[in-house]
Amino acid sequence: MVSERTGPATTASDAVRRRRRGAELEHALLTAAWEELATVGFAKLTMESVADRAKTGVAVLYRRWTNKNDLVLATIRHYGDTHPVVIPDTGDLREDMLALLENLNAGRTEFATLVGATLTGLHDSAGITPEDVRRIVLGDSAPWRSGAVFRRAHERGEIDLTRIPQDVLDLPFQLVRHDILMTLRPVSPERIRSIVDNIFWPLVMGPTAPART
């Protein structure tokens, strides 16, 4: 005897949709969007493909982001927020800078290359510039989290932040990001030491500062 069905069968996807709410759901959506961006690239990413990967309906995405560009920008910021670079505190500015650039190099190579590849799509579709992306992703956190390293060095008396332009403090990080984007590979330890010792150190300590080894 065949039993009578009283309603539609419950699927795993239905259970997922019912369980996730609020911040948990948004985290799942943005994680799925990052995975989709890494897999297919900006051009082939769609709201529908992200919804499929997240096992939810596309309307759930549109309730949070009005279009693909908004979703991708939120995805980039979410990845950066959930994968922070460890800020060292060795008690020495040079050692802090070497460790910080190594941490940036290890933790941001995939991020930088993927974001770099996405910038063209964002610009072509909405006129969004790399500076716009930087502002949206960093928000009010500028100067970047590396500011803690410089503040501690200032407090120890190693440097005088009132006499050093922000561009000089930003330079080592810009050089590492540039190298990653140009080669699509992590920067070598030798290059990182050269950035710190041969470029950054003379700028913050003056041209007569003794070389650090």
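Residues numbered from 1 in each chain as written. Predicted model: local features only at pLDDT ≥ 70, side-chain atom pairs only at ≥ 80, totals over all residues. Heavy atoms only, no water.

**Student:** Run through the overall build of the protein, naming residues and quoting values.
**Tutor:** Along the backbone of the protein there are 10 helices and 0 strands. Just so you have it, the protein exposes about 12200 Å², and 54% of that area is on carbon and sulfur atoms. (Helix = DSSP H or I, 4+ residues; strand = E, 2+ residues; numbered from the N terminus. Areas by Shrake-Rupley, 256 points an atom, 1.4 Å probe, with all protein chains shown as cover.)

**Student:** Tell me what's going on with helix 2 (residues 22-44), and back it up with residues and numbers.
**Tutor:** The end-to-end C-alpha separation of helix 2 is 27 Å, well short of the 33 Å expected for 23 residues at 1.5 Å each. Where helix 2 bends most, at Ala38, the angle is about 85°. Along helix 2, the positions that sit buried rather than exposed are Leu25, Ala28, Leu29, Leu30, Ala32, Ala33, Trp34, Glu36, Leu37 and Phe42. (Expected span 1.5 Å × (residues − 1). Bend = angle between axes of the 7 residues up to and from the residue. Buried < 20%, exposed > 50% of the residue type's maximum accessible area, 1.4 Å probe, protein only.)

**Student:** Lay out the pattern of salt bridges with the relevant residues and their values.
**Tutor:** In this structure the tally under the stated criterion is 9 salt bridges. The shortest N-O distance in the salt bridge between Arg77 and Asp81 comes to 3.9 Å. Taken together, the residues Arg77 and Asp81, both in helix 5 (residues 68-82) and 4 residues apart, mark about one turn of the helix. Residue class for Asp81 comes out partly exposed when judged on its relative accessible area of 44%. A salt bridge links Glu158 to Arg156; the shortest N-O distance between them is 2.6 Å. By relative accessible area, which is 23% here, Glu158 ends up partly exposed. Salt bridges here are not isolated pairs; linked through shared partners, they connect Glu35, Glu36 and Arg53. (Salt bridge = Lys/Arg side-chain N within 4 Å of Asp/Glu carboxyl O.)

**Student:** Explain helix 5 to me, and be specific about the residues and the numbers.
**Tutor:** With 15 residues, helix 5 extends 21 Å between its outermost C-alpha atoms, agreeing within 8% with the 21 Å of an ideal straight helix rising 1.5 Å per residue. Every buried residue of helix 5 is listed here: Lys68, Asn69, Leu71, Val72, Leu73, Thr75, Ile76, His78, Tyr79 and Gly80. Where helix 5 begins, one side-chain oxygen reaches toward the backbone nitrogen of Asn69, 3.1 Å away; that side chain belongs to Asn67. (Polar contact = N/O pair within 3.5 Å; in protein donor to acceptor, adjacent residues only side chain to side chain.)

**Student:** Let's hear about the nonpolar core: which residues, and what values?
**Tutor:** Grouped together as the largest cluster of nonpolar side chains are 29 residues, with contacts concentrated most on Leu29, Leu61, Leu71, Val72, Leu122 and Val133. When residues of this core are traced back to their parent elements, those giving at least two are helix 2, helix 3 (47-54), helix 4 (58-62), helix 5, helix 6 (93-126) and helix 7 (130-138). Ranked by residues supplied to this core, first place goes to helix 2 with 8 residues. Contacts of Leu71, omitting those with residues within four sequence positions, involve Leu30, Ala33, Met47, Val50 and Trp65. Of all hydrophobic cores here, the second largest spans 26 residues; its members include Leu93, Val168, Val187 and Ile192. (Core = buried A, V, L, I, M, F, W, Y, C linked by side-chain atoms within 4.5 Å. Contact = heavy atoms within 4.5 Å.)

**Student:** Give me the lowdown on the packing of helix 2 against helix 3, citing residues and values where you can.
**Tutor:** Contact geometry for helix 2 and helix 3: axes closest at 9 Å, N-to-C directions at 135°. As the angle between them shows, helix 2 and helix 3 are arranged oblique. Taken as a pair, helix 2 and helix 3 cross one another with a handedness that is right-handed. Counted together, Ala28, Leu29, Ala32, Ala33, Glu35, Glu36, Thr39 and Lys44 of helix 2 and Ser49, Val50, Arg53 and Ala54 of helix 3 form the full contact between these two elements. (Axes fitted to C-alpha atoms, helices over the stretch in contact; angles between N-to-C directions. Parallel < 35°, antiparallel > 145°, perpendicular 65-115°, else oblique. Left-handed = near helix turned anticlockwise from the far one by under 90°.)

**Student:** Please set out the packing of helix 9 (residues 166-183) against helix 10 (residues 189-205) residue by residue, giving values where relevant.
**Tutor:** The geometry of helix 9 relative to helix 10 is characterised by a closest axis approach of 10 Å and an angle of 155° between their N-to-C directions. It follows that helix 9 is roughly antiparallel to helix 10 by the angle criterion. Handedness of the helix 9/helix 10 crossing: right-handed. Across the interface between the two elements, Val168, Leu171, Pro172, Leu175, Val176 and Asp179 from helix 9 touch Arg191, Ile195, Ile199, Phe200, Leu203 and Val204 from helix 10. Residue composition of the contact of helix 9 with helix 10, grouped by class: 10 nonpolar, no polar and 2 charged. (Nonpolar A, V, L, I, M, F, W, Y, C, P; charged D, E, K, R; others polar.)

**Student:** Talk me through the environment of Val115; I want residue IDs and the actual numbers.
**Tutor:** Structurally, the position occupied by Val115 is in helix 6. We classify Val115 as buried; its relative accessible area is 12%. Along the primary structure Val115 and Gly41 are separated by 74 residues, whereas in three dimensions their C-alpha atoms are 10.0 Å apart.

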